[in-house]
Amino acid sequence: MTAAPAPSAHSAHSAPSAPGSVPSAPGSPGSPGPAVSRWQSARFRRRVFAIVIFAAMVVIAIVMLYPFWYMGDNSFRNQGQFDQQSGHSLAGWTQLFQTLPVVQELVSSTIVCAAAIAIILLVATTAGFAFAKLRYRGSGLVFLLIIAAMMVPLQSIIIPEYVNLARFNLMSSYTGAILVYAALGAPFATFLMATYYRGISDELIEAAVMDGLSYERTFLRIALPLSLPAIATVTVLQFIQIWDDLLVGYLFLPTNDRTITVGLAVLSSGRTTGIPPLMAGSLVSAIPAIIVYLIFQRYLIRGLTLGMGK
Amino acid sequence: MSLIADPPVRRQRRGRLARRRRLAGFLLSVPAIVLVAALLWTPIVQAVRYSMTNWNGYSAPVWIGPSAYASAFGDPIVRRVLENNALLLLAVPFAIGIPLIIAALLHEHVRGWRFFRSVYFLPTAISWVVIGMVALQFFADRGILNQLLADVGLGSIHTDFLASEYSALAALAITFIWSMIGTNTIIFLTGMATLDPTLIEAARVDGLSRRQIFYRVELPLLTRFIQFSFVITVISAFSALFSLIFVMTGGGPGLGTTTLEFFVYQAGFAQGQFGTGALYGVILFVIMIIVGIGQLRLIRSEDGEGW
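All values reported here derive from a predicted model rather than from experimental measurement.

Procedures and definitions
- Residues numbered from 1 in each chain as written.
- Chains lettered and ligands numbered in written order.
- Predicted model: local features only at pLDDT ≥ 70, side-chain atom pairs only at ≥ 80, totals over all residues.
- Helix = DSSP H or I, 4+ residues; strand = E, 2+ residues; numbered from the N terminus.
- Rg over C-alpha atoms; globule rule 2.2 N^0.38 Å.
- Buried ≥ 20, exposed ≤ 12 C-beta atoms within 10 Å, placed from the backbone.
- Contact = placed C-beta atoms within 7 Å.
- Nonpolar A, V, L, I, M, F, W, Y, C, P; charged D, E, K, R; others polar.
- Domains from an automatic or database assignment.
- pLDDT = per-residue confidence, 0-100.
- Axes fitted to C-alpha atoms, helices over the stretch in contact; angles between N-to-C directions.
- Parallel < 35°, antiparallel > 145°, perpendicular 65-115°, else oblique.
- Left-handed = near helix turned anticlockwise from the far one by under 90°.
- Core = buried A, V, L, I, M, F, W, Y, C linked by C-beta atoms within 7 Å.

Asker: Hey, could you go over the overall build of chain B for me, with residue numbers and the actual values?
Answerer: A tally of helices and strands in chain B yields 14 helices and 2 strands. A compact globule built from 307 residues would reach a C-alpha radius of gyration of about 19 Å, whereas chain B, at 26 Å, exceeds it by more than 25%. Taken over the C-alpha atoms alone, chain B extends approximately 90 × 75 × 30 Å along its principal axes. Looking at chain B residue by residue over its 307 residues, the buried ones come to 39%. When contacts within chain B are restricted to residue pairs at least 6 apart in sequence, long-range pairs at least 24 apart make up 66% of them.

Spelled out as structure tokens, the structure:
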């Protein structure tokens, strides 16, 4: 950094003081010297500060991304290469497809996710609209009861759930798991949709009704299309939740209909499968979630911040 | 404000509309009510009932009554499990503090911060199963951690986290902290985005250093977000780690990593004790309610609109 005299307009911009002062502060002819050097040191310090922060962020990024690198790297090894941590081959991947019905489990994951999300969207959009715009006697209490169900941990109800699903013979197909996922997702989704619908003006709804639309049609034709961003948020949030879940799928899905996450966890807990195929399987199960994340990131973040009651 | 009352016809129409609106509201909320009542509220009532019985799921349940709880809390195994939950709370300050620092770094908006934000949040999309499998390799006897230590010349420090009870719990806690970084960082970043820049600027003009501004101006304004992340973190620690435990340790060694949520699964499905399993679930539920009520009150006090 050589001493290049800075244009005074810049200095006024970056200097914290000089409230409302005109650029090239007139009056004291002796001041430009020290002012410039101070400006330089401030800029220099900020630069160093930025570099330090950038370096720290790179280090954190490595810590956060290392597992993905590890999975990729070690999936392309056989057991010997893994033990030596040198050399690569396709062994991990071929072994994975021999030990795990990957395609079938991916299909199961997709079916379960799609069906559960469809139910969640159905109940959450309708109920969210009702609680936000079509209040009736006791609707506030009902809303509170539904929201409060968010606090029910799955483990607290897992045993009665198991008993009930067995009683209605719902564990021999996807149905039981889909219903449980839908119920677990519904409270937060309803909360999110209601929060969103509150933002739509009452006048808009009333105008539609005055034009002769029924409330149900007003919901379908006006509120629902307006709430597409919230619907996207619910979909992404639930997709990741359900795709990644183990407990419900593990207990309530028949062995042949296991999702990829469940299949992988069971394979791993057997402690007989080598690490390379498990790493390959991890990648397979993670990739759909990562793709959805990369595309719909902002909806995911919005869902999280909406959860704060903002 | 019109001084003339609505003409009777219009008023009648209003009344009819209001009735239709209430009816539509009720009908539209029925599916959600049915789903939540059938699959969340009914089972919790059943769980309370089961918890006071001795039942293996097949033969007729034997009623014990509330004394089941007394004997559960007297059971040293249950106490050991609850101790694990309590120890897991030690991870919470780290699971909040580290993301707070990371969010502060991101909030400086240095070049590329959006990219880094995406990277830090990425593990949030990954299942605990996958995280657990890599964590297993990280802490393993011949795993990444020991390799790292050897690489930096600390090969003499050989760790074997998963071999003993408390260190296995520590390994679980460290993995948990890592997993919470994404979520909590986003929460704090959102909070920091709501900070009023003019307030910060005023503090700067008043001559406060960057550090002073963080501690005296920004941190107090972030309290609400810290409380929110605290609730999320505690709830996750107590009810979201099943998969991680399942994959990493299976609850062991001994009872080392058996937390309450995992204990429910073990009692109910590994040992077939539906009664005691349900009981542990109810205890977990009560803990969650206590944490949750705190949050509900927070939301309400901030909104000022009770629902």
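That shown, we press on.
Asker: Could you give me a rundown of the overall build of chain A, with the residues and numbers involved?
Answerer: Looking only at helices and strands, one finds 14 helices and 0 strands in chain A. Reading chain A from its N end, one meets helices and strands in the order α-α-α-α-α-α-α-α-α-α-α-α-α-α. Within the span of chain A, comprising 310 residues, buried residues form 43% of the whole. For chain A, the proportion of contacts with a sequence separation of at least 24, taken over those separated by at least 6, is 74%.

Asker: I'd like a description of the interface of chain B and chain A, backed by residues and values.
Answerer: Size of an interface: often given as the accessible area lost when the parts come together. Contacts between chain B and chain A engage 75 residues on the former and 77 residues on the latter. Looking at side-chain class alone, the side of chain B that touches chain A contains 51 nonpolar, 15 polar and 9 charged residues.

Asker: Provide a residue-level description of the domain arrangement of chain B, including the pertinent values.
Answerer: Each domain of chain B was delimited in the assignment, giving domain 1 (1–36) and domain 2 (68–303). Distance between the C-alpha centres of domain 1 of chain B and domain 2 of chain B: 46 Å.

Asker: A description of the domain arrangement of chain A should follow, citing residues and the corresponding values.
Answerer: Residues and elements named next belong to chain A. Parsing chain A into structural domains produces domain 1 (32–75) and domain 2 (94–306). Computed from C-alpha atoms alone, the centre-to-centre distance between domain 1 and domain 2 is 39 Å. Across the side of domain 1 that touches domain 2, the residue classes tally to 1 nonpolar, 3 polar and no charged.

Asker: Explain the environment of B:L244 to me, using residue names and the numbers behind them.
Answerer: Along the chain, B:L244 turns up in helix α12 (residues 242–248). With 24 C-beta atoms counted inside 10 Å, the residue B:L244 sits in the buried group.

Asker: A description of the confidence of the model for chain B should follow, citing residues and the corresponding values.
Answerer: Residue and element names in this part refer to chain B. Looking at chain B as a whole, the pLDDT averages 87, with 92% of positions reaching at least 70. Contacts for the low-pLDDT stretch residues 303–307, under 50 throughout, to residues beyond four places or in other chains number 5 contacts. Reported confidences for the modelled complex are a pTM of 0.86 and an ipTM of 0.88.

Asker: Would you mind going over the packing of helix α8 (residues 165–193) of chain B against helix α11 (residues 223–239) of chain B in detail, with residue names and values included?
Answerer: All names here are of chain B. Their axes nearest at 10 Å, the elements α8 and α11 cross at an angle of 155°. Judged by the inter-axis angle, α8 sits roughly antiparallel to α11. Seen from above, α8 lies across α11 with right-handed handedness. On α11, the residues touching F176, M180, T183, N184, I187, F188 and G191 of α8 are F225, F228, S229, I232, T233, S236 and A237. Of the residues in the contact of α8 with α11, the class split is 8 nonpolar, 6 polar and no charged.

Asker: Please give an account of unusual backbone geometry that cites residues and values.
Answerer: At A:Q85, a residue that is not glycine, the phi angle is positive and equals roughly 55°. As for its position among the elements, A:Q85 is in the loop between α3 (79–84) and α4 (91–99). Of the residues examined, A:Q85 has 12 C-beta atoms within 10 Å and is grouped as exposed. For B:H109, which is not glycine, the phi torsion reads 55° and is therefore positive.

Asker: Explain the confidence of the model for chain A to me, using residue names and the numbers behind them.
Answerer: Summary statistics for chain A give a mean pLDDT of 85 and a share of 85% for residues scoring 70 or more. With pLDDT under 50 throughout, residues 1–32 of chain A is counted as low confidence; its partners more than four residues away or in other chains account for 20 contacts.

Asker: Requested: an account of the packing of helix α5 (residues 102–133) of chain A against helix α11 (residues 228–243) of chain A, with residues and values cited.
Answerer: All names here are of chain A. Direction vectors running N to C along α5 and α11 enclose 140°, while the axes themselves pass 9 Å from each other. The orientation of α5 with respect to α11, classified from their angle, is oblique. Here the hand of the crossing between α5 and α11 comes out right-handed. Residue-level contacts link S109, V112, C113, A116, I117, I120, L121, A124 and T125 of α5 to I231, V234, T235, Q238, F239, I242 and W243 of α11. Looking at the contact of α5 with α11 residue by residue, the classes come out as 12 nonpolar, 4 polar and no charged.

Asker: Describe the nonpolar core, listing the residues and the values that go with them.
Answerer: If you look at the biggest cluster of nonpolar residues, it comprises 173 residues, and the most contacted ones within it are A:I120, A:A124, A:Y181, A:A183, A:A186 and B:V36. Ranked by the residues each element gives to this core, the list is headed by helix α8 (residues 175–198) of chain A, at 17 residues. Not counting chain neighbours up to four residues away, the residues in contact with A:A183 comprise B:L35, B:V36, B:L39 and B:L40.

Asker: Please provide a residue-by-residue account of the environment of A:T259, values included.
Answerer: Positionally, A:T259 belongs in the loop between α12 (247–252) and α13 (260–269). Excluding residues that lie within four positions of it along the chain, A:T259 makes contacts with A:E105, A:S108, A:S109, A:V112, A:G249 and A:L253.

Asker: Run through helix α13 (residues 260–270) of chain B, naming residues and quoting values.
Answerer: Residues and elements named next belong to chain B. Of all the 11 residues making up α13, 8 are buried; the element is thus mostly covered by neighbouring parts of the structure. Here α13 has its buried residues at L260, E261, F262, F263, V264, Y265, A267 and G268. Looking one or two residues beyond α13, the residue adopting positive phi is G272, at roughly 65°.

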